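# Secondary and tertiary structure notes
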Amino acid sequence: MKTVTCTAPVNIAVIKYWGKRDTGLILPTNDSLSVTLSQDILHSKTTISAAKEYSHDRLWLNGKEEDITKNKRMHNCFRETRALRQQMEQDAAQRGETLEPLSSYNVHVCSENNFPTAAGLASSASGLAALVFTLAKLFDLPSNMSELSRIARQGSGSACRSLFGGFVAWEMGSKDDGSDSLAVQVAPETHWPELEALICVVSDEKKGTSSTEGMQHTVNTSPLLQHRIKEVVPARMAEMKKAIHNRDFQTFAELTMQDSNQFHAVCLDTYPPIFYLNDTSRAIMKIIHEYNATSPDGKLKAAYTYDAGPNAVIYAPKENMREIIQLIAHYFPGSSDNYFVDPYKLFTSTQDLVSD
Ligand code: ADP
Ligand code: DP6
Ligand code: CO
């Protein structure tokens, strides 16, 4: 028996992925770009053991066993990493060496998120990235992050970006087999140290429509999505990469808020519509716009973004963060029963995924 534990960070997209052209391989309808957050505060921690005696693959998520018999995405990750391990075992045998036949063992996976699961804070990204990275360590696979990113993509699309730190693009690729659909680092975590993220937990409840289900309804019914993927995202990706390279917060902030808003507009354009934002989310958007309007030189001071859930992520230069936290705390005093805003200060950084 062998056991390994690793952690992986969440990433919050500033140009959103929403739509698949291939649901089996998880190939997206557009490129996307995200910021990987520090693991200090938000992470998935996954322990995997492999043993001859295990009768089947099992998963415990946040202390509760989940039935994964029909979970194709997890099985994709198991299959791909086992195939790489099996190749290593065969290569070793040809050299006359013996490797433990871990590829033929079943595994027990135990994973915990230290933040709300399935609430629009990218738990599938950190969770599936942690799964793939931990399997790779368990099987002693060479740490080829591009290869692991391709595998994590088949667990949850956004997970492919959590294998890298800093600013990360997921290039949609054009091949039918998905071999060119993977994440690449646009800039390292050290590139823009003044940029910070604030997570406001508006609700920690599980969302009503999962990202997987929601985005396919959008692909099937939203005419606005077609405009977004053809006309809007390609230009925004180029502009966003340039803004990041130049540490141009004005452009970064404008594009981030516009892209979040367009993503939620395509959710509304889905038929029947999908609502991820609530009144608190919208109030936070208004507060940020009002705060930006107080800027004496017209320069933006903060940008909000929302994934498929009501929880806000606010990107801002470090120098503004104290003011923003005070503002949020003023409008949503922590004692209120209805409004729970939990302001965490995060630094954009990547630590190596840790293995014990
Ligand atoms: P989120 O907005 O949190 O990413 P999704 O709807 O995309 O929500 O995905 C949530 C699902 O991801 C969970 O229901 C679970 O199946 C899976 N998931 C979340 N965390 C983990 C984890 N740590 N390990 C394995 N699977 C996970
Ligand atoms: C709004 O990666 O969770 O967070 O690939 O079906 O697992 P699946 O979906 P997922 O979708 C994330 C959508 C998003 C935007 C983003 O992270 O780019
Ligand atoms: Co997700």
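Fair warning: this is a prediction, and the values are worked out from it, not measured in the lab.

### Description of the overall build of the protein chain
A tally of regular secondary structure across the protein chain gives eight helices and 15 strands. In terms of overall dimensions, the protein chain has a C-alpha envelope of 70 × 45 × 40 Å along the principal axes. Residues classed as buried in the protein chain amount to 46% of the 356 residues present. Counting only contacts in the protein chain whose residues sit at least 6 apart along the sequence, the fraction spanning at least 24 positions is 74%.

### Looking at the site of ligand 1
Neighbouring residues of ligand 1: 21 residues in total, closest Ser111, Ser123, Ser124, Gly127 and Ser211. Of all elements in the fold, only strand E9 (106-113) and helix H2 (123-138) reach the threshold of two or more residues within the shell around ligand 1. A total of six residues in the shell around ligand 1 trace back to one element, the largest contributor, which is H2.

### Some thoughts on the site of ligand 2
By nearness alone, 15 residues border ligand 2, and Ala13, Ser156, Gly157, Ser158 and Thr212 come closest of all. Tallied by class, the residues present in the shell around ligand 2 amount to six nonpolar, seven polar and two charged.

### A closer look at the pairing of strand E6 (residues 43-51)
Of the pairings in the sheet, the one linking strand E1 (residues 2-9) to E6 comprises eight bridges and is antiparallel in character. Note that in E6 the partner of Thr5 across the bridge is Thr47. Here eight bridges tie E6 to E9, and the two strands are oriented antiparallel to one another. Within E9, the residue paired with Ser44 across the bridge is Asn113.

### Let's talk about the nonpolar core
By size, the foremost hydrophobic cluster in this structure holds 92 residues, and its most contacted members are Leu33, Ala129, Val132, Phe133, Ala152, Ala197 and Ile314. It is H2 that contributes the most residues to this core, ten residues altogether. Those residues in contact with Val132 that lie beyond four places of it in its chain are Cys77, Thr81, Leu148, Ile151, Ala152 and Gly155.

### Remarks on the pairing of strand E12 (residues 195-200)
Counting buried residues along E12, five of its six residues qualify, which places the element largely inside the surrounding structure. Sheet analysis places E12 next to strand E14 (residues 312-317), joined by six bridges and oriented antiparallel. Note on E14: the bridge partner recorded for Ala197 is Tyr315.

### Details of the sheet that holds strand E8 (residues 64-66)
Read from one edge to the other, the open sheet built from five strands follows the order E1-E6-E9-E7-E8, with strand pairing classed as mixed. The strands lining the two open edges of the sheet, one partner per strand, are E1 and E8. When strand polarity is set aside, the average angle formed by the axes of neighbouring strands in this sheet is 20°. Here four bridges tie strand E7 (residues 58-61) to E9, and the two strands are oriented parallel to one another. The residue of E9 that forms the bridge with Leu59 is Val109.

### Observations regarding the packing of helix H7 (residues 279-293) against helix H8 (residues 318-331)
One can describe the packing of H7 onto H8 by two numbers: an axis separation of 11 Å at closest approach and a directional angle of 135°. Taken as axis vectors, H7 and H8 run oblique relative to one another. In terms of crossing hand, the pair formed by H7 and H8 is right-handed. The residues of H8 that touch H7, namely those facing Ala283, Ile287 and Tyr291, are Ile324, Leu327 and Tyr331. For the contact of H7 with H8, the class distribution of residues is six nonpolar, no polar and no charged.

### Quick look at helix H4 (residues 211-221)
Within the sequence span of H4, burial applies to Ser211, Met215 and Thr218. All buried residues of H4 lie within an arc of 55° about the axis, which places them on one face of the element. Seen from the buried face of H4, the exposed residues on the opposite side, beyond 90 degrees, are Glu213 and Asn220. Contacts made by the buried residues of H4 are with strand E3 (20-22), H2, helix H5 (223-245) and helix H6 (249-269).

### A short note on the confidence of the model for the protein chain
Taken as a whole, the protein chain shows an average pLDDT of 92; of its residues, 94% reach a score of 70 or greater. For the stretch residues 335-342, pLDDT sits under 50, and the model shows eleven contacts to residues farther than four places along the chain or on other chains. The low-confidence segment residues 345-356 (pLDDT under 50) makes 38 contacts with residues lying over four places distant or belonging to another chain.

Rules behind the numbers
Within every chain, residues take consecutive numbers counted from 1 along the sequence as written. Whichever chain is written first becomes A and whichever ligand is written first becomes 1, with later ones labelled in order. pLDDT decides what is reported in this predicted model: residues at 70 or higher carry local features, side-chain atom pairs at 80 or more are listed and counted, and totals for whole chains, interfaces and linings draw on all residues regardless. Runs of H or I in DSSP of at least four residues are treated as helices and runs of E of at least two as strands, each being numbered from the N terminus. Burial is judged by counting the other C-beta atoms within 10 Å of a residue's own C-beta: 20 or more makes it buried, 12 or fewer makes it exposed, and any count in between marks it as partly exposed, with every C-beta position built from the backbone. We call two residues in contact if the C-beta atoms placed from their backbones are at most 7 Å apart. By definition, a residue lies near a molecule or strand provided its backbone-derived C-beta atom is within 6 Å of it. In this count, Pro and Cys sit with the nonpolar residues alongside Ala, Val, Leu, Ile, Met, Phe, Trp and Tyr, while Asp, Glu, Lys and Arg are called charged and the others, Gly among them, polar. Strands pair, by our definition, only if DSSP identifies at least two bridges between them. A set of buried residues qualifies as a nonpolar core if it consists of Ala, Val, Leu, Ile, Met, Phe, Trp, Tyr and Cys joined through C-beta atoms within 7 Å. An axis is simply a line fitted to the C-alpha atoms; with a helix, the fit covers only the stretch in contact. Between two such axes, the angle follows the N-to-C directions and lies from 0 to 180 degrees. Our angle categories are set so that under 35 degrees counts as roughly parallel, over 145 as roughly antiparallel, 65 to 115 as roughly perpendicular, and the remainder as oblique. Helix crossings are classified by the rotation of the near helix relative to the far one: an anticlockwise turn of less than a right angle makes the crossing left-handed, while a clockwise turn makes it right-handed. The reported arc concerns the directions from the helix axis to the C-beta atoms and nothing else. Confidence scores per residue from the predictor, reported as pLDDT, run from 0 to 100.

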